[in-house]
Structure formats: C-alpha cells, structure tokens
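One-letter residues, chain by chain:
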Amino acid sequence: MTDFTMEKGADGVAIITWDTAGKSMNVMNSQGFLDLEALIDDALADDAVKGVILTSGKEGSFAGGMDLNIIAKMRDDAGDEPAKGLFEGVMGMHAILRKIERAGMDDKNKGGKPIAAALPGTALGIGLEIPLACHRIFAADNASAKIGLPEIMVGIFPGAGGTTRLVRKLGAMGASPLLLEGKLNDPKKAKSAGVVDEVVPADELLDKAREWVLSNPSIVKPWDEKGYKMPGGAPYHPAGFMTFVGASAMVNGKTQGAFPAAKALLSAVYEGALVPFDTALKIEARWFTHVLMDPSSSAMIRSLFINKEALEKGANRPDAPDQKVRKLGVLGAGMMGAGITLVSAQAGMEVVLIDQSQEAAERGKSYTADYMDKGIKRGKATEDKKAEMLDRITATTDYGALKGCDLIIEAVFEDPGIKAEATKKALAEVDENCIFATNTSTLPITDLAQASDRPEDFIGIHFFSPVEKMYLVEIIKGQATGPRAVAKALDYVRQIRKTPIVVNDARFFYCNRCIIPYINEGIRMVAEGVAPALIDNAARQLGFPVGPLQLVDETSIDLGAKIARATRAAMGDDYPDEAVDEVIFWMEGEGRLGRKAGAGFFDYDEKGKRQGYWPGLVEKYPRAEEQPDLIEVQHRLMFAQVLEAVRAFEDGVLEDIREGDVGAILAWGFAPWSGGPFSWLDIIGTPYAAERCDQLTARFGPRFTTPALLREMADKGQGFYARFGQEAQAA
Amino acid sequence: MTDAYIYDAVRSPRGKGRKDGALHEVTSARLSAHVLNALRERNGLDGHAVEDVIWGNATQVMEQGGCLARTAVLASDLDERIPGLSINRFCASGMEAVNLAANQVRAGAGDGYIAGGVEMMGRVAMGSDGAAIAVDPSIAMKTYFVPQGISADIIATEYGFSRDDADALAVESQRRAAEAWGDRRFDRSIIEIRDQNGLSILDHDEHMRPGTDMQSLGALKPSFKEMGEVMPGFDAVAKLKYPHLEAINHIHHAGNSSGIVDGAAGVLVGSKAFGEKWGLTPRARVRQTTKIGTDPTIMLTGPVPATEKALKDSGMAISDIDLFEVNEAFSAVVLRFMQAFDVDHSRVNVNGGAIAMGHPLGASGAIIIGTLLDELERTGKGVGLATLCVASGMGAATIIERV
C-alpha cells in the first residue's frame, strides 16, 4: 500500500495526498520518496493537469519527519562503502525534490506547472523540506501546529535541501535560528519568519491552494533567476561577511565545539552560498553524509530519537492493564511537591496536595498559579487554562482528602521517620488500588517500603529539580516492588510527558550515583591545584551544560557535605573520597555553601549573579606550576561518570544500557553528542577505554579501576550496543 | 654567499587613515611612486637599476589589487624593465619584502632590489579583501578564529598585563614619538609628500597625540569587550583554546593599540657589488631574516618565537642586540616581548611606535627597519632587531648590523 495517492480534478488540479498507514502523523520512508516521484512524473506528463497540490490525509498535520531508522539502513546497506551509499542516497532525494521545484521548466525557466504545498498543520524535518521545494506553501491557521527543521536536536541537520533552500529564501541570519537551534514556529510565526508563504483558515486550505495553482502564477524560485542575491548578503558581501564571521564564533561558543552537526551545517551554508544552487545541494549532501558518517550522529539519533521514544512508549513496561492516573496525592508541598503538583495538574490529573499547615499547602499550590501567570504574561497560557488547573488542585492538611487516589507521591523531608509517618497516614486513607511512590533521592526504597504493608505496591519515582523543566524521571524498584507499581509509574510519567528509566534499588540509584563522582573529580582537581576555570571549561567543552564546580554551587555545598557524611558512615573504612571531603568540609566551615549562600566556589553579587571564582580557593590550594592537558582533565571527568554507569550495569542497578544512555543525557546533560556513557565507550572503543582506565588508575588511584565487564569486553573487542543493544531491543 | 646590505631607507609621513586624513586624497600607486622616486633620486638609480620591486600590502583589492607593485613601478619614474611583485604577509609584508630581497641578493639572484610596502587604510579598508580564515566555518572553527583585538586581550590575560600596564606603554610611545620628532630624528627617512604641482600635502606623522596621559587614556572604553562578551561572543571561542582562563580581560582600546593610518616605505637592498656600481656606501648588513607560524587564536605572540629563531639561527644572544623595534600593534604585544626576553623598555621602540604614529599594515615592516637603522646610526650602536606580530598567527624578524 502506498503512502501517496493522487486525484486529478476536472479543473486540472491534481491533488497528491500523503497518508502513512498506521501512523498518526506522516513519516517519510524510502518507498514514500519513490511513490511521490512517480506521481509527480505522472502529473507533469499529463497535459490535462495544470498544477498540483501536495497535502496530507492526516488531520492537523502534514508530516512529522523522516523515519530516522532509514538513515541507519542506508548506511548499513551500502556495505563497504557507506559514505558512497549515503551520498548517493541523499543526492537521490535532491533529484526528486529538485524535480518538484523545476516542475518541468526548461533551462530558460519557461513552461512548468505550479506545485503548491498545503499544510493542515505540523510540518517537521522532511515534512518542511518537501514544501520548501514546492512553489508556494499554504499553512492552515492551526495554532497548535509546529513548523520547522528540528534535525539539529538529534545531531544531524536538514539534509534534503532544507538547509540550502532556507538560507537562500531567508538569508543566513534569518535562517539561523531555524537551522542552528531547530526552532519550531506555529503557522503565523512561520509566516512572519518567511518560512511559509500564506496562512489560511483550515477549511479553506485546499481552496486557497487551488485558487493559486489556477492563477497561472510565476513559479521560478528566486535562486533559479538570473542575478539572484542572497538576502542579507553572501559571505564576501560586506554585510554578509560580518554575519558569517559572527556565525562561526557563535556556534563555536554556544556548542563549545562539541557538536559536529552544527559545524557541518554551517560549512554547508557557507560553501553553498558561494556557488550556484545545484552545486550547493551537492555540497550540502557531502556535509550531510559527513555528519551521518560521524559516530556521534548515529549515537545521538539512537539515544535521543529512537531509544528515547522507545522508553517513552513503554519499552520496559511490564504487562499490566492501563494504569493511567486519575487522582494523585502529593505529600509535602515543598519545592519538589509543588513541581510535581504543577506538572500533574497540567496533564489533567486531579491533585490533592498535603502539607502540615494549610499555609504551606497553599504556598505549594501557588507555585502553579505563579507558573501560569508567567505563561500568561508571555502569551503561552490563558486565564481560563490557569483557573482550570487550579480547580484540579486541592491544597489541604487533611489526609482524608486522599480518598480515591490511585497514586500517591510522597515528597516530604528526607528523613526515614518522617517519611514513614506520612506513608502510614496516607495509606490508611486509600484502598489497595492505590500505588505509593516516594520521591526520595537518597534513601533506599526497600527500607522506606517497610512503612507499607503492601511493599509490592511501593515504588520510587525520583524527579529532578526543577520538576517542570527536567525531562527525565527515574523510577526505582525496591526489592518487593511488583509489576503493577512499575506500570503505574511508567503510565504516570507518560501522562506528564517525561521520559522514564527504570532502575533497581541501590545507593543513589543510577543518576546521582554517576553525578557524584563527576562532581567529586572536579573537587579533587581543585585540591591538586588545577585552575578552577580549566576544570569547568573542560566539562563544558565536553558538552556538559555546567562544569562540576558550578554544579556543586547550584546543588549546594552543605548537601554535598551531608551526603558525604552519610556515605562515609555507611561505608566505613572503604570510603574513598577523603580528598574530596577535605575541600567540601573546609568550604562548609567557611560558610561557602553555594549559590544559595551567595558564596561557594564562585562569588556572587547581591542579586545572586555569578561572578568569578572565589579567590580564597587559590589561596588555599595554590595553582600548580604544571597544569594538566585539557584532554586529561576531560578524561578524568568522563571516566569518573562512565565507569560508575558501567558498574551500575554490572551490579544490575541498571538493566538496560539504553536507559543508562538516555537517562544520563536527560538527567544531568551528559555529553549529548556522545549519545550517553555507553555510547561514548563504543565511540572510543572498549579496548582503548580499558587501556586509558589503567593509565588513570596508575596516576590517580583505584577509582578508575577497569570494571570486570569492561575488561572482558575490551579483551574481546566488543561494543556495548553490539553486545547488549539487541538484547535490550528484544526485551 | 654574498652579503646583503641596506643602502637607503625612506618613508612617507603617516596620515590619519580617515576621510579627513591628509593622505586620503592620494592613491596607493601614487604614494608608492613617491617612495620609489625618492629612492631612485637619492641614490641616482638610472635605467634597469634593480632586479625587482617587492611591495608589501595587506589588502590587495581595488586600487591595491592587480599587482600594485608593478602598477607602482609604472606610476613612478623607474624603468619599465623593472618588474614588480606584490606580497602579503599581513603586517609583516613590508619586512618580508626586505627579507625576500636580501635573501635573493644573498643567493645571487640579482644584485639590487627595492623592497617595501604601502597601505592606504583610509582608502581600502582593513578586511575588505575577505579572509576565509575568519568566515569559512570549517577553518574558523577549527582554528578558533577571533579578531586581533581579542587576541591582544588574550595575551594580556594569559601573561598578566593590566589596563594600566598597557596605557603606560601607550603614554610612553606618544612621549617618545613627540621627542623624536622634536629632535628631528626621522629627518633622514621622511619624504615630504607633494601634489603634482609641487605643493605640500603632508610632511609629518599626523596621528600623534602628544601630551597623552594616563588620565586621558583612562576615559577610553575597551574596544573589544562587546564583541568578546556579547555579540557574537568571541571570548567563548578564546576560552575553547585557552580553557584555563576564567574570563578575558579586555584592556585594549584605540589609545593603546596601533593607529589606523595611510603610509608607505621603501628600502634599497643590494650586494657589495651593487653599491660599488652605483657609488653607494652600505649602511647596514642584513644579518638574519626569520618568519614563523604560531597559534592562530592568540595570534599576536609571533615576535617571541620569531626572535628566538632569529637569534638561534644567527648564533646570537638577546644581549647581543642593542636596540629593538617591536611593532606596537597592541600594547600587550610589546609588553609580552619585553617580559619574555626580560628586555628593558629603554632598548625597545626608543623613538615611539605605531601606537603614537600609526601602523600602515603593508608598510610597517619596512618602516621599522628604517627607524631602527636611523637610530643605530644616531646613537652609534651596532646591532638591531626588528620584529612584528602577524595576523593568523605568524611572526617575522630581521636582524641588521651596521657596517
């Protein structure tokens, strides 16, 4: 069955409708391209056809993009010459889109048939690149539609002519937020940005397009006309020069040089701007192929697109009936409880928010009101929507209000006694349909579950702060946690549109277990006299949003000290982080508790704005004569986290490397270009990783000891995805 | 190997490189021709007297394009059998011209050369010839390209020079230049620029601001802070290359950086036989010539490795050099040079430099060789070293000794 069908009207307008079977939104695959081309050929050859409208059979959308699995397949199918296979495949796409664009015109731009794109709504990726090749883009006035080229977000760039066409249509400056940031617009904004040509009422979409097709319009693209000049100036035009000089610097600075796709995109834009259109497409194809050949892009696509989506759709969900949450109880109206309340009410759940005093509970509820007020100010929300959400939230001190809740999330103070009391009081009010979850970040789930007489219905749901901004939720199974509780947590996370990972119960679970050694390694270096800027900048150049020292300032030094004391008490003589504690405890003693105290590794001004590193740091730990190489600092920071991820997998805390990778990127911004800790080990190769660990161990100590699993894989020359990727998919 | 000697050195006064600059009405070819004619007349060079005219210029487009060297020869009174070679090593172009000439003489490829350069910065704007290193992302990102002013500020940050350090050097440059002019120390080299009717256009360096003090400089805003910290954010790029730096200290401004000016200079280089043929006395021997590449991001530290190499290749020590001319592109360049070699300011740029008098890019290398030679003669000293930092991370140096 074909995704494209054509209906030729008596008025001479042929309507090609895209309708991918079994999908809610159209997705392009290799057969789709061929089918589309055949219909275009037919329409151009048929004298009875005066013009074409390309539209979608899906309500509210044109197309969601390309099936990115196809790219992996294109590469894999090309055998020994993957680059050739990709390049030729991409050039094939260009040929089809160029055929649409030229629409039968001769080389003097005579003849040809108008082809309009009529977008009922969302048009992403290839779903916009095809319209850009058409002669006029009509978009339905559908405020919830998103139009744009988000490819950069998964480590590639628009490679089916979208880059070259958009830059020629809007100029480098105009196209840059769309290409470099993957900015999506609703139809009205897309029109003012110049991406689409007309926005029309949804029910007039086809009529307006038809009217235009039959109006004998000029269809020659500006770049196919003689004397075409790029808006804003080509690279060696005085105005364009400054734009291009600035673009390299901005992309370099913003991406910290860590994302190959951004560099390749910019090169395709620059080099393409200096040559005629068809040559520019060829250049775009060469850079696109280059990006696709970069292991970083396949790792990013795998983690941020394929596996993220798989986890969101319940790849690791146990078999259980639908567990969608209707009424949620939240215990504790502090920052986490308030955030959980907000996102849950936003997802349409009824929420009972409980705290010890009515005042505290109301304060938690007002977090949602404040959030919505900000949205209203920015035109992203309405008073009605706010009222609707606040109506769903009951702020109270009365545990009796929990009656009928099917999920309770406890977010009270991190103290086992207080938690146990809250758990018991809450469970007394609900029936056995209700699953109980704790949002602890440090206490073992299995221990907390003792407060319940139904430990199989007890689970950890670990949110990150701020809840409404963080994409990941870590679900933790206690020893007795049953499948229905897991399904409940997963279904809930899906409702609030976040990405879940499911891990087993162990100290710090998965995410904090990896983040703590990252921070600690940074602090160790401070004690060694490494320039603080080098430590944080090294992390940023790896693609981390913030360096370890800045991160401790954000999370606070006293929290670090508290965790250190608890860990030390639990581990006794095995405790490995004396060197770290020396710095942390000293800072704590000096009152340098982090941003909240206006004093940490950094100084802060009265408004709390971060200034430079605290000079006291260098006084206490003088700068070493010999500063380490950037790469050494980076390897220490990377391996500190990655080895912990491997150990978590070895220990069975992590059951699926996909969760390890996706979780790391979404929870703490682990080098997104790498695809995650396991993908990074695959990129550098396990043999090299093991060798490097040996070197780091010799120089810096046993915390870098190669885990047995990594050693074994290095000896066999195995990759994590080669060995565990299939298994994970089968599971 | 034949020795190469300097027989003469002349330069135009430097005019402000702006619409109201005195030389703004003069074309690049005509200003070049003034210099070529002066060398021809002063040394009685007739006919096919020199092998080539090697002419440095850093912006070879428009009137400075199309092999300006040959155009200048034809615009001058030189014999048409003398060809012309335009070269570009950015700010060291004029020095490279002299070095190329000297090395060809030493190799026996011709007896005599005129070497020098011109830059009419007010007429052909800096950067108007394009530059892939700045604008081609695959190169700009790979080399962590930042504009020169940012590079100068990186030097200041990396090597610990304060705004006061830089301003003090600028104040001293102005003071020395004023004193040198007052003392008529440039008389031997300066040629008055006249129009086609013999009327004077300019006879002195126009850019100088005598009486500049710390207070007046203190009022100036840093020139590169905005582009570094805000748009487009070059500091972030600088820190990619220099990750141990927390922030870039933006200390440079119009008053402690070289002036934008119009100017030209030429040097007559030849073998001993050349001097004998034309009855000229050699003024100095070209002892050593050097060019090097260095980190393109910090870009302007070239004088240090260039000098190290020149000393090493000539078997000399820093203490063997009596006087230094270190082009004052930015204060930090000179401060770094003095710091690296522990050389006192009393031996460096003793008659002021480009901060006071201006830096006509393609000509400066030839200008400072001439200034150095004049001062060695005036003070009876023997050996001098001239060096410049060069865009895209290069450096050049020339050691001359009086004979």
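If you're wondering where the values come from, they're calculated on a predicted model, not measured in any experiment.

1. Let's talk about the overall build of chain B
Here is step 1 of the chain: Each helix and strand counted, chain B has 15 helices and 12 strands in total.
Here is step 2 of the chain: Taking 22 Å as the expected radius of gyration for a compact globule of 403 residues, we find that chain B reaches 20 Å, a close match to that expectation.
Here is step 3 of the chain: Summarising its shape, the C-alpha atoms of chain B cover approximately 60 × 45 × 45 Å along the three principal directions.
Here is step 4 of the chain: Scored against the burial criterion, the 403 residues of chain B give a buried share of 62%.
Here is step 5 of the chain: Taking the contacts inside chain B whose residues are at least 6 apart along the sequence as the reference set, 83% of them involve residues at least 24 apart.

2. Notes on the overall build of chain A
Here is step 1 of the chain: Tallying secondary structure elements over chain A gives 29 helices and 21 strands in all.
Here is step 2 of the chain: For 731 residues, the compact-globule estimate of 2.2 N^0.38 gives 27 Å, and chain A sits close to it at 28 Å.
Here is step 3 of the chain: With the principal axes as the frame, chain A shows a C-alpha extent of 85 × 65 × 55 Å.
Here is step 4 of the chain: Taken over 731 residues, chain A has a buried fraction of 51%.
Here is step 5 of the chain: Within chain A, contacts between residues at least 6 apart in sequence are counted, and of these 70% link residues at least 24 apart.

3. Concerning the packing of helix 18 (residues 511-528) of chain A against helix 22 (residues 578-589) of chain A
All names here are of chain A.
Here is step 1 of the chain: For the pair helix 18 and helix 22, the least separation of the axes is 9 Å and the interaxial angle reads 75°. As far as their axial angle goes, helix 22 and helix 18 are roughly perpendicular. On helix 22, the residues touching Asn520, Ile523, Arg524, Val526 and Ala527 of helix 18 are Ala579, Val580, Glu582, Val583 and Ile584.
Here is step 2 of the chain: Residue composition of the contact of helix 18 with helix 22, grouped by class: seven nonpolar, one polar and two charged.

4. Re the interface of chain B and chain A
Here is step 1 of the chain: Contacts between chain B and chain A engage 23 residues on the former and 28 residues on the latter.
Here is step 2 of the chain: Contributing elements (two or more residues each) for the side of chain B that touches chain A: helix 4 (132-135), helix 5 (137-140) and helix 10 (234-241) of chain B.
Here is step 3 of the chain: With five residues, helix 10 of chain B is the single largest residue contributor to the side of chain B that touches chain A.
Here is step 4 of the chain: Split into classes, the residues belonging to the side of chain B that touches chain A amount to 16 nonpolar, four polar and three charged.

5. Observations regarding the sheet that holds strand 8 (residues 122-124) of chain A
Residue and element names in this part refer to chain A.
Here is step 1 of the chain: Taken in spatial order, the three strands line up as 5-8-10 in an open sheet, and their pairing is parallel. Each end of this open sheet is capped by a strand with a single partner; those strands are strand 5 (61-63) and strand 10 (147-148).
Here is step 2 of the chain: Bridge count for strand 5 against strand 8 is two bridges, and the pairing is parallel. The partner of serine 61 across the bridge, within strand 8, is threonine 122.

6. Some details on the pairing of strand 21 (residues 610-613) of chain A
Here is step 1 of the chain: Pairing between strand 20 (residues 602-604) of chain A and strand 21 of chain A: two bridges, direction antiparallel. In the strand pairing of strand 21 of chain A, A:Phe602 is matched with A:Tyr613.

7. So, unusual backbone geometry
Here is step 1 of the chain: Put simply, A:Ser465 and A:Pro466 share a cis peptide bond, and its omega is -5°.
Here is step 2 of the chain: For A:Pro466, the location among the structural elements is in the loop between strand 17 (458-463) and strand 18 (472-477).
Here is step 3 of the chain: In this structure, B:Pro232 follows B:Met231 across a cis peptide bond, with omega equal to -5°.
Here is step 4 of the chain: Looking at where B:Pro232 falls in the secondary structure, it is placed in the loop between helix 9 (225-229) and helix 10.
Here is step 5 of the chain: We note that B:Tyr144 has phi near 50°; this positive angle belongs to a residue other than glycine.
Here is step 6 of the chain: For B:Tyr144, the location among the structural elements is in the loop between helix 5 and helix 6 (148-159).
Here is step 7 of the chain: For B:Tyr144, a count of 24 C-beta atoms within 10 Å gives the class buried.

8. A look at the sheet that holds strand 2 (residues 13-18) of chain A
Residue and element names in this part refer to chain A.
Here is step 1 of the chain: Ordered by their spatial adjacency, six strands build an open sheet running 1-2-4-7-9-11, and the pairing between neighbours is mixed. Bordering the open sheet on either side are strand 1 (4-8) and strand 11 (198-200), each of which pairs with just one other strand. Taking the axes of each pair of neighbouring strands and ignoring which way they run, one obtains an average angle of 25° across the sheet.
Here is step 2 of the chain: With three bridges joining them, strand 9 (residues 136-140) and strand 11 adopt parallel strand pairing. Along strand 11, the bridge assignment pairs phenylalanine 138 with glutamate 198.

9. Considerations on the nonpolar core
Here is step 1 of the chain: Grouped together as the largest cluster of nonpolar side chains are 369 residues, with contacts concentrated most on A:Leu265, A:Ile408, A:Ile459, B:Ala115, B:Val269, B:Val333 and B:Ile369.
Here is step 2 of the chain: It is helix 24 (residues 630-650) of chain A that provides the largest number of residues to this core, a total of 11 residues.
Here is step 3 of the chain: In this structure B:Val333 touches B:Ala152, B:Ile155, B:Leu300, B:Pro303, B:Val326 and B:Cys389, once residues within four positions along its chain are discounted.

10. Describing the domain arrangement of chain A
Residue and element names in this part refer to chain A.
Here is step 1 of the chain: Taken as a whole, chain A is organised into domain 1 (4-301), domain 2 (327-507) and domain 3 (512-730).
Here is step 2 of the chain: The straight-line distance from the C-alpha centre of domain 2 to that of domain 3 is 30 Å.
Here is step 3 of the chain: Those elements giving two or more residues to the side of domain 2 that touches domain 3 turn out to be strand 18 and strand 19 (499-504).
Here is step 4 of the chain: Residue composition of the side of domain 2 that touches domain 3, grouped by class: seven nonpolar, four polar and two charged.

11. So, helix 24 of chain A
In an α-helix there are 3.6 residues to a turn, and that puts residues three or four apart on one side.
Residue and element names in this part refer to chain A.
Here is step 1 of the chain: The end-to-end C-alpha distance of helix 24 is 30 Å, a good match for the 30 Å that 21 residues give at a rise of 1.5 Å each.
Here is step 2 of the chain: The largest bend in helix 24 is about 25°, located at phenylalanine 639.
Here is step 3 of the chain: For helix 24, a buried count of 16 out of 21 residues is recorded, marking the element as mostly surrounded by other parts of the structure.
Here is step 4 of the chain: At the exit of helix 24 stands glycine 652, carrying a positive phi of roughly 85°.

12. Side note on the pairing of strand 18 of chain A
Residue and element names in this part refer to chain A.
Here is step 1 of the chain: With six of six residues buried, strand 18 lies mostly within the body of the structure.
Here is step 2 of the chain: What you see with strand 18 is no split at all: Leu472, Glu474 and Ile476 on one side and Val473, Ile475 and Lys477 on the other are buried throughout.
Here is step 3 of the chain: Two elements, strand 17 and strand 18, share four bridges in a ladder whose sense is antiparallel. Among the inter-strand pairings, phenylalanine 463 is bridged to a residue of strand 18, identified as valine 473.
Here is step 4 of the chain: Inspection of the sheet shows strand 18 paired to strand 19 by six bridges, in the parallel sense. Paired with valine 473 across the strands is proline 500, a residue of strand 19.

13. So, helix 17 (residues 483-495) of chain A
Residues and elements named next belong to chain A.
Here is step 1 of the chain: Taking 1.5 Å per residue as the helical rise, helix 17 with its 13 residues ought to reach 18 Å, and the 18 Å between its terminal C-alpha atoms agrees with that figure.
Here is step 2 of the chain: Summarising the contacts, the buried residues of helix 17 are in contact with helix 11 (295-312), strand 15 (407-410), strand 16 (435-438), strand 17, strand 18 and strand 19.
Here is step 3 of the chain: Within two residues after helix 17, arginine 497 carries a phi angle of roughly 55°, on the positive side.

14. Focus on the packing of helix 3 (residues 82-102) of chain A against helix 10 (residues 277-293) of chain A
Residues and elements named next belong to chain A.
Here is step 1 of the chain: Relative to each other, helix 3 and helix 10 sit at 140°, their axes nearing to 9 Å. Considered as vectors, helix 3 and helix 10 are oriented oblique to each other. Relative to helix 10, the crossing made by helix 3 is right-handed. Contacts from Pro82, Ala83, Leu86, Phe87, Val90, Met91 and His94 in helix 3 reach Leu281, Ala285, Arg286, Phe288, Thr289, Leu292 and Met293 in helix 10.

15. Considering the environment of B:Met120
Residues and elements named next belong to chain B.
Here is step 1 of the chain: Among the structural elements, methionine 120 can be located in strand 5 (residues 112-120).
Here is step 2 of the chain: Using a count of 31 C-beta atoms within 10 Å as the deciding quantity, one classes methionine 120 as buried.
Here is step 3 of the chain: Counting along the chain gives 57 residues from methionine 120 to glutamate 63, while the straight-line C-alpha distance between them is 9.6 Å.
Here is step 4 of the chain: Contacts of methionine 120, omitting those with residues within four sequence positions, involve Ser28, Leu31, Gln64 and Asp262.

16. What to know about the environment of A:Ile523
Residues and elements named next belong to chain A.
Here is step 1 of the chain: Take isoleucine 523: it is sitting in helix 18.
Here is step 2 of the chain: Along the backbone, isoleucine 523 and arginine 623 are 100 residues apart, and their C-alpha atoms lie at a distance of 14 Å.
Here is step 3 of the chain: Apart from residues no more than four positions distant in its own chain, isoleucine 523 is found in contact with Val580, Val583 and Ile584.

About the thresholds
Residues numbered from 1 in each chain as written. Chains lettered and ligands numbered in written order. Predicted model: local features only at pLDDT ≥ 70, side-chain atom pairs only at ≥ 80, totals over all residues. Helix = DSSP H or I, 4+ residues; strand = E, 2+ residues; numbered from the N terminus. Rg over C-alpha atoms; globule rule 2.2 N^0.38 Å. Buried ≥ 20, exposed ≤ 12 C-beta atoms within 10 Å, placed from the backbone. Contact = placed C-beta atoms within 7 Å. Axes fitted to C-alpha atoms, helices over the stretch in contact; angles between N-to-C directions. Parallel < 35°, antiparallel > 145°, perpendicular 65-115°, else oblique. Nonpolar A, V, L, I, M, F, W, Y, C, P; charged D, E, K, R; others polar. Pairing = 2+ DSSP bridges. Core = buried A, V, L, I, M, F, W, Y, C linked by C-beta atoms within 7 Å. Domains from an automatic or database assignment. Expected span 1.5 Å × (residues − 1). Bend = angle between axes of the 7 residues up to and from the residue. Left-handed = near helix turned anticlockwise from the far one by under 90°.

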